[in-house]
Amino acid sequence: MMSDREALSSDDLSLPKATVQKIVSEIIPPDLVFSRETRDALIECCVEFIGLISTQSNDIAEGEAKKTIASEHVIKALQELGFADYIEPIREVIQEHKETQKQGRERKVGKFEASGMTEEELLRKQEELFGLARSKLNQEGGASA
């Protein structure tokens, strides 16, 4: 049986060329030229690497009877595939992501509090807005019929 990854053509799996070019331009010295062919080859390597890590992470998750690939599975996959040097930077990125998510949740709570309205008042306002949207939709629907 063909895997989902094998069913996709190489054109279906790619990375944004402009983003890769920007990343490379920030890394290499300004006097060094990075050709399109080299950029495209780098993109293919990155896609292969992502596929390799994803497949191994999936195998680890399935081996643990998990339906979701967690960051621990990716870290274990990196270890098993011989990419241990990437583990610490990955852990740092994961920690930064968790902190960003936490700040986002705190901000959402802040918006509710900053509204100065009770939950009941917000629900009433929401229902009012839904009613306005429904009536506008009904008016537009009647006009086009």
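Refer to the structure printed above.
Before going into details, it helps to say that this report is about the structure given with it. (Residues numbered from 1 in each chain as written. Predicted model: local features only at pLDDT ≥ 70, side-chain atom pairs only at ≥ 80, totals over all residues. Heavy atoms only, no water.)

Overview of the nonpolar core
When a protein is soluble and globular, its nonpolar side chains tend to lie buried together.
Part 1 of the reasoning: Listed in full, the five residues of the largest apolar core are Ile53, Ile75, Leu78, Ile87 and Ile94.
Part 2 of the reasoning: Those elements that place two or more of their residues in this core are α4 (71–80) and α5 (87–115).
Part 3 of the reasoning: With residues near it in sequence (within four places) discarded, Ile94 still touches Ser71 and Ile75. (Core = buried A, V, L, I, M, F, W, Y, C linked by side-chain atoms within 4.5 Å. Buried < 20%, exposed > 50% of the residue type's maximum accessible area, 1.4 Å probe, protein only. Helix = DSSP H or I, 4+ residues; strand = E, 2+ residues; numbered from the N terminus. Contact = heavy atoms within 4.5 Å.)

Observations concerning the state of the cysteines
Part 1 of the reasoning: All told, the structure shown has zero disulfides when counted by the stated rule.
Part 2 of the reasoning: Here Cys45 is not disulfide-linked; the sulfur of Cys46 is the nearest cysteine sulfur, at 6.9 Å.
Part 3 of the reasoning: Among the residues examined, Cys46 registers a relative accessible area of 27% and is labelled partly exposed. (Disulfide = S-S within 2.5 Å.)

Here's the deal with the packing of helix α3 (residues 36–63) against α4
Part 1 of the reasoning: Running from amino to carboxyl end, α3 crosses α4 at an angle of 115 degrees, the nearest separation of the two axes being 8 Å. Considered as vectors, α3 and α4 are oriented roughly perpendicular to each other. Here the hand of the crossing between α3 and α4 comes out right-handed. Residue-level contacts link Phe49, Ile53, Gln56, Ser57, Ile60 and Ala61 of α3 to His73, Val74, Lys76, Ala77, Leu78 and Glu80 of α4.
Part 2 of the reasoning: Taken together, the residues of the contact of α3 with α4 break down into seven nonpolar, three polar and two charged. (Axes fitted to C-alpha atoms, helices over the stretch in contact; angles between N-to-C directions. Parallel < 35°, antiparallel > 145°, perpendicular 65-115°, else oblique. Left-handed = near helix turned anticlockwise from the far one by under 90°. Nonpolar A, V, L, I, M, F, W, Y, C, P; charged D, E, K, R; others polar.)

So, α4
Each full turn of the α-helix corresponds to 3.6 residues, which orients residues three or four apart in the same direction.
Part 1 of the reasoning: Among the residues making up α4, those that are buried are His73, Ile75, Ala77 and Leu78.
Part 2 of the reasoning: Backbone geometry just after α4 places Gly82 at a positive phi near 85 degrees.

Brief notes about the packing of aromatic side chains
Part 1 of the reasoning: What the rule picks out here adds up to three aromatic pairs.
Part 2 of the reasoning: Consider the rings of Phe49 and Phe83, whose centres lie 5.0 Å apart with planes at 90 degrees: the pair is edge-to-face. Note that Phe49 is positioned in helix α3 and Phe83 in the loop between α4 and α5, a separation of 34 residues in sequence.
Part 3 of the reasoning: You can call Phe49 partly exposed: its relative accessible area is 29%. (Phe/Tyr/Trp six-rings, centres within 6.5 Å; stacked < 30°, edge-to-face > 60°.)

Comments concerning the side chain of Arg39
Part 1 of the reasoning: Looking at the element boundaries, Arg39 is found in helix α3.
Part 2 of the reasoning: If we skip the residues at most four places from it in the chain, Arg39 touches Lys17, Val20, Gln21 and Phe34.

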